[in-house]
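Chain by chain, the residues:
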Amino acid sequence: MGLDIPGATGSRPDAVPLDESGAEDLLRGICFKTGPPRTVGVELEWLIHDRERPDLPVGRERLDSAVEAVRSLPLSAALTFEPGGQLELSSQPAGSLMECVDTTAADLAAVRASLGAAGLAPVGLGVDPWHPPLRRLREPRYEAMEAALDRAGPAGRAMMCTSASVQVCLDAGEEEPGPLGYGRRWQLAHLLGAVLVAAFANSPFQQGRRTGWRSTRQSLWADLDPGRTLAPGSGHAPREAWAAHVLDTTVLCIRCEEGPWDVPEGLTFREWIRTGSPRPPVRADLDYHLTTLFPPIRPRGHLELRMIDAQSGPDGWLVPLAVATALFDDPEAAETVYRAVKPLAETAGAPAAPRNPLWTAAAREGLADPELRAAATVCFGAALPALERMGASGAVRDTVAAFTDRYVARGRCPADDLPEPGDLAGQILLAERSPLTGPSPLTGPAGPVPPAGPDVPTGPDVPTGPDVPTGPDVPTGPVDRPARGPERRVAGPPTIPPIPPRPGKAASA
């Protein structure tokens, strides 16, 4: 979550103070840049662990040395490290899905090899299953963010220091209505987003125990400062809704040239403009404020899909990238999927994502939820022919098809394949052969892989019980939702939320 904006280090460039109407005009102009969908980007976050004993913490000197080696690599993507030591690769905007896949795969191969030389490996899980939050970076912005987010509880620190994700970035869409219109894509993202949470849920553990969630990472997002993590309210056009949301969200911190940054409480950006205290805000302050908002879909000119857990295996990351790109950018798939997910709005109800029943069910139950399973079946079924129409390689299509067979067809998600935390260390770093990058540089015993076919796999490492589907049928019509039980959360020591991205990059915090 690199920070590369004017004034980000505390020095404020000369600028005219913002007024309210000027700020609204800026927001409406920069957040939804329309045109035919052409570019795609991805941001990959990885936990860094010892290759042989991922359950043991990596020492500071060892991690610092490995970081310096990775920084020296000639990568296409922007490379940053988060406060908890997670590695982040933010791709450049690519002109096609395959261009994005190929450049990212090459960057990842170089990063894996460099880390492997130090006995380390990038691990794709949504939340670190063993370690408590530990902030390794000490800078004014992180100190300020920690102080602000601690007011809402420990979820902020856990998110900043122990979480990882796959973030897909797509063009906002066309100005005109229709399957590729930006208004339709904005609506689609907030319904399809819950399906993506459920299908790719991959974080059932925190600090050595099960949390009761398939995606603990998504449950942490819902526990953060709600104004900062909620989607804008409905009832207004996307540009107007987002502009109002930005100005009416509280300021996380106010940067200053010397000393600690101010951490005001309850000061919205709109109030800051009106009062001009402690100093009048300028354009750079608005730019920075935007990077401290963490809704599940963030408009930054393009759309950032921020709800997907990091994925295990050398090529797990490309499945959400390929599926999301196909479902948004192929007109036929976009229309099919829109019809499939539109009924989910009734389940979501009035509350904004991610604090509504639909998103809560996705994070807690994954595809064991019958309504989400039915939607996911349609979505992944539409993605495969769309990928062929888009010119995706056979390796990409095969990887998506394998994920579909292993998880979606069975009403399962990656979290359902993970053993208990005590057994996870020996199995999480899988020795797999990648169709894109060749043999994985990771070592360790391979985990169980269910056979292809409609039956749900069985065995000691596969969870059983009432939430796990046991037959080949996938619901296709209206579904009666089961009553929900009380949510179970694990409170851990505090941490911080993601730090902003680089402007111009396809992906961001």
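To keep things clear, this report deals only with the structure shown in the data block. Quantities reported herein were computed from a predicted structural model and do not represent experimental measurements.

**Some words on the overall build of the protein chain**
- Tallying secondary structure elements over the protein chain gives 18 helices and 11 strands in all.
- Counting the 509 residues in the protein chain, one finds 58% classified as buried.
- Across the protein chain, contacts joining residues at least 24 apart in sequence account for 79% of those joining residues at least 6 apart.
- On the protein chain, roughly 18,800 Å² of surface is accessible, and the fraction owed to carbon and sulfur atoms is 53%.

**Points about the packing of helix α16 (residues 370-389) against helix α17 (residues 394-406)**
- Two numbers describe how α16 lies on α17: the axes approach to 10 Å, and their chain directions differ by 170 degrees. Considered as vectors, α16 and α17 are oriented roughly antiparallel to each other. Along the contact surface, α16 presents F380, L384, L387 and E388, while α17 presents R397, V400, A401, F403 and T404.

**A few points about α16**
- A rise of 1.5 Å per residue sets the reference length of α16, with its 20 residues, at 28 Å; its end C-alpha atoms lie 29 Å apart and thus fit the reference within 8%.
- Within the sequence span of α16, burial applies to E371, L372, R373, A374, A375, A376, C379, F380, A382, A383, A386 and L387.
- Measuring from the backbone nitrogen of E371 back to the side-chain oxygen at the start of α16 gives 3.1 Å, which picks out D369 as the cap.
- At the exit of α16 stands G391, carrying a positive phi of roughly 85 degrees.

**Some points on helix α7 (residues 216-223)**
- With respect to burial, α7 is a largely interior element, 7 of its 8 residues being buried.
- Within the span of α7, buried status applies to T216, R217, Q218, S219, L220, W221 and A222.

**Some details on unusual backbone geometry**
- Of note, the bond from S277 into P278 is cis; its omega dihedral lies within 30 degrees of zero at 10 degrees.
- Mapped onto the secondary structure, P278 falls in the loop between α10 (269-275) and α11 (283-291).

**With respect to empty space enclosed by the protein**
- Taken as a whole, this structure holds 6 cavities of 30 Å³ or more when the rule is applied.
- In this structure, the second largest cavity occupies an estimated 60 Å³ of space.
- In terms of lining, the second largest cavity is formed by V251, L252, C253, I254, R255, F269, W272, R279, D285, Y288, H289 and T292.
- Elements with a minimum of two residues in the lining of the second largest cavity: α10 and α11.
- Considered class by class, the residues forming the lining of the second largest cavity number 7 nonpolar, 2 polar and 3 charged.

**Considering the packing of aromatic side chains**
- Per the stated rule, a full pass over the model turns up 9 aromatic pairs.
- Between W221 and F294, the ring centres sit 5.8 Å apart and the planes meet at 45 degrees, which makes this aromatic pair tilted. Taken as a pair, W221 in helix α7 and F294 in the loop between α11 and β8 (297-299) lie far apart in primary sequence, 73 residues in all.
- Measuring from ring centre to ring centre gives 6.1 Å for W261 and Y288, while their planes differ by 85 degrees; the resulting arrangement is edge-to-face. In this pair, W261 is assigned in the loop between α9 (238-247) and α10 and Y288 in helix α11, connecting sequence segments 27 residues apart.

**Description of the pattern of salt bridges**
- One pass over the full model with this rule turns up 32 salt bridges.
- Across the pair E20 and R274 runs a salt bridge, and its minimum N-O distance is 2.8 Å. Pair noted here: E20 is in helix α1 (residues 20-30) and R274 is in helix α10, with a separation of 254 residues, a long-range link.
- Overall, the relative accessible area of 21% leaves E20 in the partly exposed class.
- Judged by relative accessible area, which is 58%, R274 ranks as exposed.
- When the shortest N-O distance is used, the salt bridge between D50 and R62 registers 2.8 Å. Of this pair, D50 sits in strand β1 (residues 40-50) while R62 sits in helix α2 (residues 60-71), placing them 12 residues apart in sequence.
- Relative accessible area serves as the criterion here: at 15%, D50 is assigned to the buried category.
- The partly exposed category is assigned to R62, whose relative accessible area is 33%.

**Observations regarding the side chain of R412**
- Turning to its location among the elements, R412 is positioned in the loop between α17 and α18 (421-424).
- Reaching out from R412, the side chain makes a polar contact with the backbone oxygen of D416 at a distance of 3.2 Å.

**Section: the packing of helix α5 (residues 155-162) against α7**
- The interhelical angle for the contact between α5 and α7, taken along N-to-C directions, is 135 degrees, at an axis separation of 8 Å. Taken together, the axes of α5 and α7 lie oblique to each other. Our pair here, α5 against α7, has a crossing hand that is left-handed. On α7, the residues touching A155, A158 and M159 of α5 are R217, L220, W221 and D223.

**What to know about the environment of S277**
- Assignment of secondary structure puts S277 in the loop between α10 and α11.
- Classification of S277 as partly exposed rests on a relative accessible area of 43%.
- With sequence-adjacent residues up to four places away left out, S277 is seen in contact with L267 and W272.

**Here's the deal with the pairing of strand β2 (residues 78-81)**
- Along β2, one buried face is formed by A78 and T80 and the opposite face, lined by L79 and F81, is buried too.
- Of the strand pairs in this sheet, β2 and strand β3 (residues 87-90) are connected by 4 bridges, and their pairing is antiparallel. Bridge assignment links T80 to a residue of β3, and that residue is E88.
- Between β2 and the antiparallel strand that follows it, β3, lie 5 residues; G85 among them carries a positive phi value of about 95 degrees.

**Topic: the nonpolar core**
- Within the largest apolar cluster, 105 residues are counted, with the highest numbers of intra-cluster contacts made by L87, L192 and W317.
- When residues of this core are assigned to their parent elements, the largest contribution, 12 residues, is made by helix α6 (residues 182-199).
- The contact partners of L192, leaving out residues within four places of it in the chain, are L327, F328, V337, V341 and C379.
- Ranked by size, the runner-up nonpolar core spans 16 residues in total, among them A144, A158, L220 and F294.

**Describing the state of the cysteines**
- This structure, assessed with the given rule, holds 0 disulfides.
- C169 provides the cysteine sulfur closest to C100, a residue in no disulfide bond, and the two sulfurs are 9.0 Å apart.
- Judged by relative accessible area, C100 falls into the buried class, the value being 0%.
- With no disulfide of its own, C256 lies 9.3 Å from the sulfur of C253, the closest cysteine sulfur.
- Residue C256 is classed as partly exposed on the basis of its relative accessible area, which comes to 21%.

The rules behind these values
Residues numbered from 1 in each chain as written. Predicted model: local features only at pLDDT ≥ 70, side-chain atom pairs only at ≥ 80, totals over all residues. Heavy atoms only, no water. Helix = DSSP H or I, 4+ residues; strand = E, 2+ residues; numbered from the N terminus. Buried < 20%, exposed > 50% of the residue type's maximum accessible area, 1.4 Å probe, protein only. Contact = heavy atoms within 4.5 Å. Areas by Shrake-Rupley, 256 points an atom, 1.4 Å probe, with all protein chains shown as cover. Axes fitted to C-alpha atoms, helices over the stretch in contact; angles between N-to-C directions. Parallel < 35°, antiparallel > 145°, perpendicular 65-115°, else oblique. Expected span 1.5 Å × (residues − 1). Polar contact = N/O pair within 3.5 Å; in protein donor to acceptor, adjacent residues only side chain to side chain. 1 Å grid on protein atoms, 1.4 Å probe; cavity = no way out; pocket = protein on both sides within 12 Å on 5 of 7 lines; lining within 4 Å. Points joined across faces, edges and corners; volume = space filled by probe spheres on them. Nonpolar A, V, L, I, M, F, W, Y, C, P; charged D, E, K, R; others polar. Phe/Tyr/Trp six-rings, centres within 6.5 Å; stacked < 30°, edge-to-face > 60°. Salt bridge = Lys/Arg side-chain N within 4 Å of Asp/Glu carboxyl O. Left-handed = near helix turned anticlockwise from the far one by under 90°. Pairing = 2+ DSSP bridges. Core = buried A, V, L, I, M, F, W, Y, C linked by side-chain atoms within 4.5 Å. Disulfide = S-S within 2.5 Å.

Note that all results are geometric; they support no functional claim without further evidence.
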